[in-house]
Amino acid sequence: MLIKNNKTRAALIALLALGSVAAWPRVASADTVLRIGMTAADIPRTLGQPDQGFEGNRFTGLTMYDALTGWDLSSADKASVVIPGLATEWKVDDADKTKWTFKLRPGVTFHDGSPFNADAVVWNVEKVLKQDAPQFDASQVGVTASRMPTLASAKKIDDMTVELTTKEPDSFLPINLTNLFMASPAKWQHFYDKAEGADAKAKSQAAWTAFAKDAAGTGPWKMAGFTPRERLELVKNANYWNKDRVPKVDKMVLLPMPEANARTAALLSGQVDWVEAPAPDALPELKQRGFKLYANEQPHVWPWQFSRVEGSPWNDIRVRKAANLCVDREGLKDGLLAGLMVPASGTFEPGHPWRGKPTFEIKYDKAAAQKLMQEAGFGPSKKLEVKIQTSASGSGQMQPLPMNEYLQQALAECYFDVKLDVIEWNTLFTNWRRGAKDPSANGSNATNVTYAAMDPFFALVRFLQSSMAPPVSNNWGFINNPKFDELVKKARQTFDPAARDAALAELHAASVDDAAFLYVAHDVGPRAISPKVTGVVQPKSWFIDFSLVSMK
Amino acid sequence: MLAYIARRIAYVIPIVISVALVCFLLVHITPGDPLVAVLPADASQELAAQLRVAYGFDRPLPVQFGLWLLRALHGDLGNSIATGRPVLAEVMRAVSNTVTLAIAAAIIGFTMGILLGLIAGYFRETWIDKVATSFAIAGVSVPHYWLGMVLVIIFSVQLNWLPAVGAGPNGSNSWAWDWAHLKYLVLPAITTSVIPMGIVTRTVRALTGDILSQDFVEALRAKGLHETGVFRHVIKNAAPTALAVMGLQLGYMLGGSILIETVFSWPGSGFLLNSAIFQRDLPLLQGTILILALFFVFLNLLVDIAQAAIDPRIKRG
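Because the structure is a prediction, the values reported are computed rather than measured. (Residues numbered from 1 in each chain as written. Chains lettered and ligands numbered in written order. Predicted model: local features only at pLDDT ≥ 70, side-chain atom pairs only at ≥ 80, totals over all residues. Heavy atoms only, no water.)

A.B. asks: Quick question: what am I supposed to make of helix H6 (residues 185–194) of chain A here?
C.D. replies: Think of an α-helix as turning once every 3.6 residues; residues three or four places apart then point the same way. All names here are of chain A. Among the residues of H6, Pro 185, Lys 187, Trp 188, Phe 191 and Tyr 192 are the ones counted as buried. Looking straight down H6, one finds its buried side chains confined to an arc of 160°; they lie on one side. Facing away from the buried side of H6, by more than 90 degrees, are the exposed residues Asp 193 and Lys 194. Here the buried face of H6 lies against helix H3 (118–129) and helix H7 (200–213). (Buried < 20%, exposed > 50% of the residue type's maximum accessible area, 1.4 Å probe, protein only. Helix = DSSP H or I, 4+ residues; strand = E, 2+ residues; numbered from the N terminus. Arc of directions from axis to C-beta. Contact = heavy atoms within 4.5 Å.)

Here's what the structure looks like:
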């Protein structure tokens, strides 16, 4: 079509020009997208209680959801501590220490627009604890109930107040509750009503399957697209209740990449902007190309957990202390692990509120270690044979074989003859629960299973309390020390947070003084990030706040 | 021919049942707890017992197998323990990705293999043969995950031409045969194709050389048949054996390669198998192995039928 009329032509040109100008701001404010290569082989579950350990919580828990309590992830220098989340305050009942009152944060809505209130809290507690509740989901129970072992029930007091009950007095409850993520009951009910199924159980399962594909929490990120095993796309929740944590990036794409070299190549080729745990031997190249490397001490311990059953060589405290003094952890860090560890001098390091003041200093002192061994009756001509069960790989195990071989060589200088019993990771993990007396231990007198030290139960109680011996929990070596039992009870029943922390510090100091484990290393959660990404704060935590991140 | 097909299908039934039994038992007799994917080692005994009942792992093994087989025959392979998603949907999605990769790799590998094999066979003991044979030997000798990494370093990291990992661009939920998707396929397909390329080259070279040295070829030439006609006879005589080898290779490729799919984060059946093993997700592991084994069995069946159709001597045997 030829436009002959000059006025019309001029008007069209003006319109086009205006259109072009109008298009400029859109180009200038194009969506910022942060692409992350995870170590997971699949997207962690998206329905509120993620699988795949704390990597799951990091990516599909704390992003899309909130819990009643949360972690302070704002500092790289201080230990992460528990802070208010969807609850603004909480208090234990003075008369009955099994009852807690939680005041809820007003004005919070789920991503689907439904309100967050006491009914939602009760519904979310019952999804994992009340077997006859319509929303009960067995697949979410394992990853939830074990992280809050004493939580028994929830009751609505009023719209903005709930009462939680524990099986026994337990001051750790507010810390444990960081793991119970609040999913939208209204959204689930919508899927339940639409679901086809022969019975309520089948409908419930169908509703959870649908919810996982189109989830709604209250978190700073909203689900925008999901392709199982390929990617999860999240967009910022501009209406997030905590204005300081409204994401600065418009979109975040999570990509499962279980192979370290593949993750590193994806970063180097510009396919992603951020990778978790890059291949250690690629670190120099990554640095040289301008990528930023982040690492910080994690609440994580790489130990040998000693058997204390009758006849175990570790029953002699001189032998336990000697092993702890015979390992050059700095050498392990700077040599084998290219700096990617923090030497462990206990479960918690100085600066942590639960560290305490141990009198036994865990450090490298070969002469002192040899002296202790000689006092215990060993020497160059009479070595002490110990057998360690470990794995060739596994979540959190860092580099289990080379690290154990390093220990083998180091301890040989202190008259230990270390034999390694290497088994598959899941089998080792299963054997962990069976204990040192079980045939599955294969005669080993120590096991090498790493552990997360986020909360007091996981970090201390399950290993040190005598009643936590197999088959109850992870006191693999059957430690039976009345002092530990007494201190565990004291910590659990001290409800003032500062006094509770002091009691935990006392328990931790006692465990170090007793050389309860061979403490070797803490993982540092290494990640490599494009220089385009700014504002990254890597706290002393398994978690990280993606809301703070910007893209240049 | 119909009787032959019926006989071959009848052979498949006991094989399929045996495969189902073996893959069920293999997964159950390995040490470790089947609930490890959902049950941390620190979970209480009470909780462990509760979930064991919920997932049916408290029942005797023969009962578990019977129920599993019955459901499998109805197309229900249960739900993944780790993700809660239906196993069949998980496996079929992964298989479709692997099929895409296998088709691309087969096109590259078989075309290259047949070409190189024919050239080497026609020019035996010359430098051309040596070059082609070197390619074939390299194809079967080089560790393919290593080759994958080298290709990624060159074409993704250094040249930035092709993506290093993944199966499609962000925002895409399904496969499409356009460049935006195809560029994700190039490196894994080339890597996957090297072994079939090498094997097919060697097979076709040997067959071509053997056929060319036979008396009937001399006779054809003596009768004045044009070289194109002779070539047609060579192809026809080489086809059944070459087809069998290619069918087997296609079977291996459809089974997925754990290493290649992991190196490229290609969400196929090998990748799925890898995560099912690491998560110790029993229903997913059993379902994946079963479907892959069935693929293999039925592919062999198709190859046998195709061979019989091409070479009538086979069905007589």
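A.B. asks: How do you make sense of the interface of chain A and chain B when you look at a structure like this?
C.D. replies: A common measure of how large an interface is: the accessible area buried when the components associate. Counting residues at the interface gives 52 residues for chain A and 54 residues for chain B. Overall, the association of chain A and chain B removes approximately 4100 Å² of surface from exposure, summing both partners, and the carbon and sulfur fraction of that is 51%. Ranking the residues of chain A by area buried against chain B places Arg229(A), Gln271(A) and Asn426(A) at the top, with a combined share of 15%. Applying the counting rule to chain A against chain B returns three salt bridges. The shortest N-O distance in the salt bridge between Glu90(B) and Arg229(A) comes to 3.1 Å. Elements with a contribution of two residues or more to the side of chain A that touches chain B: helix H4 (138–145), H7, strand S8 (221–227), strand S9 (231–236), strand S10 (251–256), helix H8 (260–268), helix H14 (425–434) and helix H15 (456–464) of chain A. Partitioning the side of chain A that touches chain B into residue classes produces 22 nonpolar, 17 polar and 13 charged. (Buried area = accessible area lost by both parts, 1.4 Å probe. Salt bridge = Lys/Arg side-chain N within 4 Å of Asp/Glu carboxyl O. Nonpolar A, V, L, I, M, F, W, Y, C, P; charged D, E, K, R; others polar.)

A.B. asks: Even after reading the chapter, I still don't get the UniProt feature "transmembrane region" (unreviewed entry) in chain B, so can you show me in this structure?
C.D. replies: Residue and element names in this part refer to chain B. Sequence positions flagged by UniProt for "transmembrane region" (unreviewed entry) are, in local numbering, residues 9–29, 101–123, 135–161, 181–200, 242–264 and 284–306. Structurally, residues 101–123 comprises 96% helix and 0% strand, and the distance from its first C-alpha atom to its last is 32 Å. Each end of residues 181–200 is marked by a C-alpha atom, and these two atoms are 28 Å apart; helix forms 100% of the span and strand 0%. (UniProt positions renumbered as here; feature names shortened; annotations may be inferred.)

A.B. asks: Would you take a moment to explain the packing of aromatic side chains for this structure?
C.D. replies: Residue and element names in this part refer to chain A. Counted under the stated rule, the structure contains 31 aromatic pairs over all chains. Where Phe 463 meets Phe 517, the ring centres are 5.4 Å apart and the plane angle is 65°; that geometry is what we call edge-to-face. In this pair, Phe 463 sits in helix H15 while Phe 517 sits in strand S19 (residues 517–522), placing the two residues 54 residues apart along the sequence. As far as the burial class goes, Phe 463 and Phe 517 line up, both buried. Against the face of Tyr 192 rests Lys 203, its NZ or CZ located 5.2 Å from the ring centre. Over the ring of Phe 360 we find Lys 321; its NZ or CZ atom is 4.9 Å from the centre of that ring. (Phe/Tyr/Trp six-rings, centres within 6.5 Å; stacked < 30°, edge-to-face > 60°. Lys NZ or Arg CZ within 6 Å of the ring centre and 35° of its normal.)

A.B. asks: How should I be thinking about the nonpolar core in this particular structure?
C.D. replies: Inside soluble globular proteins, nonpolar side chains tend to come together where they are buried. The biggest cluster of nonpolar side chains holds 122 residues, and the ones touching the most others in it are Trp274(A), Trp304(A) and Phe416(A). When residues in this core are grouped by element, the largest group, seven residues, is from H15(A). Setting aside its immediate chain neighbours within four residues, Trp304(A) contacts Trp314(A), Ile388(A), Asn404(A), Leu407(A), Leu411(A), Val418(A), Ala446(A), Thr447(A), Asn448(A), Phe517(A) and Leu518(A). Counting 37 residues, the second largest nonpolar core, distinct from the first, contains Leu286(A), Ala104(B), Leu187(B) and Trp266(B). (Core = buried A, V, L, I, M, F, W, Y, C linked by side-chain atoms within 4.5 Å.)

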